[in-house]
Amino acid sequence: LEQAAALWKRRGQKPDELWEGSALAEANRAVARCSTDVPVQVQRFLDAGQRKQGQRIWRWRALVMAAFAALLGLVGVFVLKERQTSLQKSLAEHERAVALREGAETASRQMSMLEARGKLRLSLEAEDSPNSRALWQRLNNEPLVWSVNLPEMVSKVSVHPEMRYVAASVFG
């Protein structure tokens with residue numbers, strides 16, 4: 001131990017020549033068991049080794065903490081991106097519901113009730129709103145369910161007893 005300390009001093013006390021790990025721990029145990037006074041140079045050598053080992057531990061801890069902070073930063077970015085994506089999706093669904101409701105209103109003005117009801121149902125599935133509910137009520141109160149323009153004058157009409165089918169004849 002004294003020879004190692006003397007060699008370390010002669011070579012300019014370079015940090016890379018200090019003992020570390022199990023060698024340093026064994027040297028410290030030997031000094032603790034020693035009943036005589038430890039030479040100053042040996043104590044300096046061991047203290048410098050302890051400081052170097054402590055610095056290495058702190059560097060390792062700092063590296064782990066930096067990696068953890070970077071990981072937390074990445075998680076934060078992903079959470080922010082997910083939130084933005086969710087908001088954009090909600091906005092797109094809202095705009096889709098509004099467009100379908102407006103299409104239903106247009107179809108009802110053109111007396112295309114089947115189309116109006118279908119578009120409004122899709123709008124309500126996407127988003128419930130007071131305007132959509134009001135239009136739904138208006139469409140439910142409308143007796144016309146379906147209509148079609150035929151090329152000629154209808155001569156005969158027959159309605160199924162359950163009101164599910166209508167037959168029309170355009171040829172006398």
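What counts, and at which threshold
Residues numbered from 1 in each chain as written. Predicted model: local features only at pLDDT ≥ 70, side-chain atom pairs only at ≥ 80, totals over all residues. Heavy atoms only, no water. Core = buried A, V, L, I, M, F, W, Y, C linked by side-chain atoms within 4.5 Å. Buried < 20%, exposed > 50% of the residue type's maximum accessible area, 1.4 Å probe, protein only. Helix = DSSP H or I, 4+ residues; strand = E, 2+ residues; numbered from the N terminus. Contact = heavy atoms within 4.5 Å. Expected span 1.5 Å × (residues − 1). Arc of directions from axis to C-beta.

A.B. asks: Explanation requested: the nonpolar core in the structure shown.
C.D. replies: What tends to happen in soluble globular proteins is that the nonpolar side chains get buried as a cluster. Counting 10 residues, the largest nonpolar core consists of Ala5, Trp8, Leu18, Leu24, Ala27, Val31, Val42, Phe45, Leu46 and Ala48. Among the elements of the structure, helix H1 (2-10), helix H2 (21-33) and helix H3 (40-109) are those that each provide at least two residues to this core. When neighbours within four sequence positions are excluded, leucine 18 is seen to be in contact with Trp8, Phe45, Ala48, Gly49 and Lys52. Ranked by size, the runner-up nonpolar core spans 7 residues in total, among them Met113, Ala116, Leu120 and Leu135.

A.B. asks: Even after reading the chapter, I still don't get helix H5 (residues 130-141), so can you show me in this structure?
C.D. replies: Side chains that are three or four residues apart share a direction in an α-helix, a result of its 3.6 residues per turn. Between its terminal C-alpha atoms H5 stretches 17 Å, which fits the 16 Å expected from 12 residues at 1.5 Å a residue. Among all positions of H5, only Ser132, Leu135 and Leu139 are buried. Down the axis of H5, the buried side of the element spans an arc of 65 degrees, and every buried residue falls inside it. Within H5, the exposed residues directed more than 90 degrees away from the buried face are Pro130, Arg133 and Asn141. Contacts from the buried residues of H5 go to H3 and helix H4 (113-126).

A.B. asks: Sorry, what's going on with the side chain of serine 132 here?
C.D. replies: Locating serine 132 in the fold gives a position in helix H5. The residues touching serine 132, leaving out its near neighbours within four places in the chain, are Arg101, Leu120, Ser123 and Leu124.

Note that every value here comes from positions in space, so none of it alone points to a role or purpose.
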